[in-house]
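Residues per chain, in single letters:
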Amino acid sequence: MPIRLYLASLLLLCSQLGQAAAALKLLTEDYPPFNMVGQGGHISGLSTEIVQELFHRAGVSYGISLLPWIRAFNLTVLEANTCLYSTTRTDSREHQFKWIGPLVENPWVLYARADNRHAILALEDARPFKIGGYAGDATSQYLIDRGFDVDLANTDQLNVKKLLAGRIDFWATGKYLGASLLVRENASHVRPVLTFNTTLLYLACNPAMPDSQVQQLNELLRGMQRDGTLARINAKYLNQKD
């Protein structure tokens, strides 16, 4: 083999080995109880524990960073070797990622102040009112696509303040996220009035991830379901909020 061809082949092999050995970048947002900053500044939460156990079983190295949702979402779309959780799988997002999951169920709920007397028996009953959501969230987009009046905030925590101040009539969010944020804000006079959808949250990876790796991770996740690991982690975070 000519020396130039040999050197080129060697460089290509080294590059491929380097890519295979590179740690995955896992991105997430502050979305308790699924992903959040825990004690000592470490990223914790239900989905975080599932993802950590998954990659432990796969023998894959990784690093986790917590970022604003829209930035984390865009970086995952653009950068190879990057994954995002906890991500709602929707039709519009389907071809933007490769999907590992589901990790957990996420019911969507309308919250109102306790003094709100409007009878909300179905989602359509909320159509005349202003609903708080946050930018880039699948819950908000679901309502916007259906023509509801959605007032967007930069974070979901701001919607608690807006609801208490009367700037919005209802607040649409995940059931467990809403419960966690109400505890943070000590907002005891806010109540859920309607569960209007239930979605599944996934680990969403850049499309460059090899199909073989996606299949391996999904098989390992199914094993975690069969051996009770997912149920144990779910119970740790969700039972007290049901």
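Residues numbered from 1 in each chain as written. Predicted model: local features only at pLDDT ≥ 70, side-chain atom pairs only at ≥ 80, totals over all residues. Heavy atoms only, no water.

- By the naming in an unreviewed UniProt entry, the protein chain is Amino acid ABC transporter substrate-binding protein (PAAT family), taken from Aquitalea magnusonii.

### Considerations on the sheet that holds strand β4 (residues 62-66)
Reasoning step 1: Across the sheet, which stays open at both edges, the eight strands sit in the order β4-β1-β5-β10-β6-β9-β7-β8 with mixed pairing between neighbours. The strands lining the two open edges of the sheet, one partner per strand, are β4 and β8 (149-153). When strand polarity is set aside, the average angle formed by the axes of neighbouring strands in this sheet is 25 degrees.
Reasoning step 2: With two bridges connecting them, strand β7 (residues 130-134) and strand β9 (residues 170-174) associate as parallel partners. (Pairing = 2+ DSSP bridges. Helix = DSSP H or I, 4+ residues; strand = E, 2+ residues; numbered from the N terminus. Axes fitted to C-alpha atoms, helices over the stretch in contact; angles between N-to-C directions.)

### What to know about the domain arrangement of the protein chain
Reasoning step 1: Taken as a whole, the protein chain is organised into domain 1 (24-105 + 199-239) and domain 2 (106-198).
Reasoning step 2: When each unit is reduced to the centre of its C-alpha atoms, the spacing between domain 1 and domain 2 is 25 Å.
Reasoning step 3: Of the roughly 1300 Å² buried at the junction of domain 1 and domain 2 (both faces included), carbon and sulfur atoms supply 56%.
Reasoning step 4: Considering only the side of domain 1, the residues that lose the most area to domain 2 are Tyr31, Pro32 and Thr199, jointly responsible for 44% of the buried surface there.
Reasoning step 5: Remark: the boundary between domain 1 and domain 2 carries one salt bridge.
Reasoning step 6: Notably, a salt bridge pairs arginine 184 with aspartate 30, separated by 2.9 Å at the nearest N-O pair.
Reasoning step 7: Our count for the domain 1 to domain 2 interface comes out at seven residue pairs in polar contact (both at pLDDT 80 or more).
Reasoning step 8: Where the side of domain 1 that touches domain 2 is concerned, the elements lending two or more residues are α3 (69-78), β6 (98-113) and β10 (190-205).
Reasoning step 9: Here the side of domain 1 that touches domain 2 is composed, by residue class, of 10 nonpolar, three polar and four charged. (Domains from an automatic or database assignment. Buried area = accessible area lost by both parts, 1.4 Å probe. Salt bridge = Lys/Arg side-chain N within 4 Å of Asp/Glu carboxyl O. Polar contact = N/O pair within 3.5 Å; in protein donor to acceptor, adjacent residues only side chain to side chain. Nonpolar A, V, L, I, M, F, W, Y, C, P; charged D, E, K, R; others polar.)

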